Amino acid sequence: MSDTARPRLRPNVTSTPIPPSLQSKMAALASKAAATAAHNVSPSSTNPNGPISVEAATAALARASLDSQSSPQSQPMNRPPLRMPGAGGMAARRQRNPLSLRDIDSGLLFDGPAAAGLGAGRPVALPPRKPPPSFNSTPFSNFSKIVDPSGALNFNGKAVLHATGVNFENGASFAISMDQLQLDEELGKGNYGTVKKVLHKPTKVLMAMKEIRLELEDAKINAIIMELDVLHRAVAPEIVEFYGAFFIESCVYYCMEYMDAGSLDKLHGVGVPEDVLACIASSMVKGLKFLKDELNIIHRDVKPTNVLVNQKGEIKLCDFGISGELDKSLAKTNIGCQSYMAPERIKGESQNNLGTYTVSSDVWSLGLSMIEIGLGRYPYPPETYSNVFAQLTAIVHGDPPELPEGRYSETAREWVSLCMRKEPTRRAKYAELLAHPFLSNDSRSTVDMVAWVRKALEYKAKVAAATKAAHMAQLGNPSSSVNIGGGPGA
């Protein structure tokens, strides 16, 4: 067969030659198929004396369902590629078909001519590639959405942070920058960042600066904007004051009021008289009520660690990173410290049901915090401290803890019991708690909070010194011990 007589797949495109031994078989199959499906076969394919069309042979073989194993002639031939007539040397090599049998992946041969063993030396249609993942579906999309080309951090218009301050959508603006701050000691670390003591040089005001590294996680981004949103709107005596925020080098910094006595969990070891406990409880309830009534916010992480004190005797709530907006007084996610979670929240989480819960969950956490402050330790038995399962089981199935009898009056113990009812609908509301004699008496009395804070700080320093001395003594004499003294009841 001459070059000009060879069948072609398309004009000017060289096709794979068909061995003579197959041509007669293909022509016979094509003729047989034409008798039953003449409209599907081209006239040239039914003429055994004419050139054999690859397309016609393909259709005939597909209809006949040839088994490639039944005839060795049906196997693809590994023949060298055709050369164009008149082409030789470099021209022939340039026009040589680059594909060979080695280049064909048998896994890509599905049906039709490929299933019949034909066309293995021709290019086959590859299955469509999976499109690359959309940029919007990658974690980096979160970063691109909030960091604009100027380097500012834009939280969907709610707040824009830059190197010299922050602007909120309600028009509030706070100008502050790193070059205005003098770094001091580290105050603490948490899940969402590090807090340092800083001096604002232009005003000589001490501040607490929280540093949060911006990560490509929705939870962390949401925590940043939630805390910024709550802080700048929550203007109340029971909420830490917000001074401003800025964004540089992939870190968000925001500056808050520096509470120089620290958190309550570090102070209650000295012992807390009832009038001081009432003052602390009153401030906490007022702060939580403000969040709910004015901002429609539930705190969701009420515990002594998140209650700050200063040497003026003021008590203020902080840490609003996991606070949540309420929908008809319901919060839609379970989050917070499990040790202070209400029973209904723990049960919902254990059943993989992140169901809704009301602000009464914060009321439970409030009551538990009051008991811890009064006792000087976490209220549940010590054996539950290192066993989370035992601790959560005790919260859900055990009796709720109480203020110690004898140390506190029945009025104080009743107030706490209103917070610690297992059934959330039976727990007291914030207005009821404020109207209770335990707190209403507090409003008519004068509590020397300054003196208590000073005493608590002195005891804290004494404990720290004794702990250090004990450690040093154990290094030299393991049998030595130091008596701290001055704790509750001293």
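Bear in mind that the values here come from a model prediction, so they are computed numbers and not experimental data.

### Regarding the pattern of salt bridges
Phase 1: As enumerated under the stated definition, the model contains 10 salt bridges in all.
Phase 2: Across the pair Asp-229 and Arg-233 runs a salt bridge, and its minimum N-O distance is 2.9 Å. With a gap of four residues between them, Asp-229 and Arg-233 both fall in helix H5 (residues 218-233), about one helical turn apart.
Phase 3: Across the salt bridge formed by Glu-257 and Lys-316, the nearest N and O atoms sit 2.9 Å from each other. Here Glu-257, found in strand E9 (residues 251-257), pairs with Lys-316, found in strand E13 (residues 315-317); they are 59 residues apart in sequence, far enough to count as distant.
Phase 4: With a relative accessible area of 11%, Glu-257 lands in the buried category.
Phase 5: Through salt bridges with shared partners, a single ionic network connects Glu-402, Glu-410 and Arg-413.

### Remarks on helix H13 (residues 449-476)
Phase 1: The end-to-end C-alpha distance of H13 is 41 Å, a good match for the 40 Å that 28 residues give at a rise of 1.5 Å each.
Phase 2: When we look at burial in H13, the residues that qualify are Met-449, Trp-452, Val-453, Ala-456, Tyr-459 and Ala-466.

### Brief notes about the sheet that holds strand E12 (residues 307-309)
Phase 1: The strand order E10-E12-E13 describes an open sheet built from three strands, whose pairing is antiparallel. Only two strands of the sheet have a single partner each, and these edge strands are strand E10 (262-263) and E13.
Phase 2: Direction of pairing for E12 relative to E13: antiparallel, over a ladder of three bridges. What sits directly across from Val-307, in E13, is Leu-317.
Phase 3: Lying over the sheet, helix H6 (residues 274-295) contacts E12 and E13, oriented at roughly 30° with respect to E13.

### A word on the sheet that holds strand E4 (residues 173-175)
Phase 1: Sheet architecture is open: four strands sit in the order E1-E2-E3-E4, paired in antiparallel fashion. The strands lining the two open edges of the sheet, one partner per strand, are strand E1 (153-154) and E4.
Phase 2: In this sheet, strand E2 (residues 159-162) lies alongside E1 in antiparallel orientation, the contact comprising two bridges. Within the sheet, the bridge partner assigned to Asn-154 lies in E2 and is Val-160.

### Some thoughts on the UniProt feature "binding site: ATP" (unreviewed entry) in the chain
Phase 1: Mapped onto the present numbering, the UniProt feature "binding site: ATP" (unreviewed entry) falls on Lys-210.
Phase 2: Turning to its location among the elements, Lys-210 is positioned in strand E7 (residues 205-213).
Phase 3: Among the residues examined, Lys-210 registers a relative accessible area of 10% and is labelled buried.
Phase 4: Those residues in contact with Lys-210 that lie beyond four places of it in its chain are Thr-194, Val-195, Glu-227, Val-252, Tyr-253, Tyr-254, Met-256 and Asp-319.
Phase 5: At a separation of 3.2 Å, a polar atom in the side chain of Lys-210 contacts the side chain of Glu-227.

### Let's talk about the pairing of strand E8 (residues 242-248)
Phase 1: A large share of E8 lies buried, amounting to five of its seven residues.
Phase 2: Where E8 lies against E9, six bridges are found, and the strand directions are antiparallel. In the sheet register, Ala-245 faces E9, and the bridge partner there is Tyr-254.
Phase 3: Between E8 and E9, which pair antiparallel in sequence order, lie two residues; one of them, Glu-249, sits at a positive phi of approximately 50°.

### Things to note about the pairing of E7
Phase 1: Across seven bridges, the pairing between strand E6 (residues 193-200) and E7 is antiparallel. The partner of Thr-194 across the bridge, within E7, is Glu-211.
Phase 2: Linking E6 back to E7 in an antiparallel pair, the connection comprises four residues, with Lys-204 at a positive phi of about 60°.
Phase 3: Bridging between E7 and E9 involves seven bridges; their strand directions are antiparallel. Bridge pairing in E9 links Met-207 to Glu-257.

So, how was this worked out
- Residues numbered from 1 in each chain as written.
- Predicted model: local features only at pLDDT ≥ 70, side-chain atom pairs only at ≥ 80, totals over all residues.
- Heavy atoms only, no water.
- Salt bridge = Lys/Arg side-chain N within 4 Å of Asp/Glu carboxyl O.
- Helix = DSSP H or I, 4+ residues; strand = E, 2+ residues; numbered from the N terminus.
- Buried < 20%, exposed > 50% of the residue type's maximum accessible area, 1.4 Å probe, protein only.
- Expected span 1.5 Å × (residues − 1).
- Pairing = 2+ DSSP bridges.
- Contact = heavy atoms within 4.5 Å.
- Axes fitted to C-alpha atoms, helices over the stretch in contact; angles between N-to-C directions.
- UniProt positions renumbered as here; feature names shortened; annotations may be inferred.
- Polar contact = N/O pair within 3.5 Å; in protein donor to acceptor, adjacent residues only side chain to side chain.

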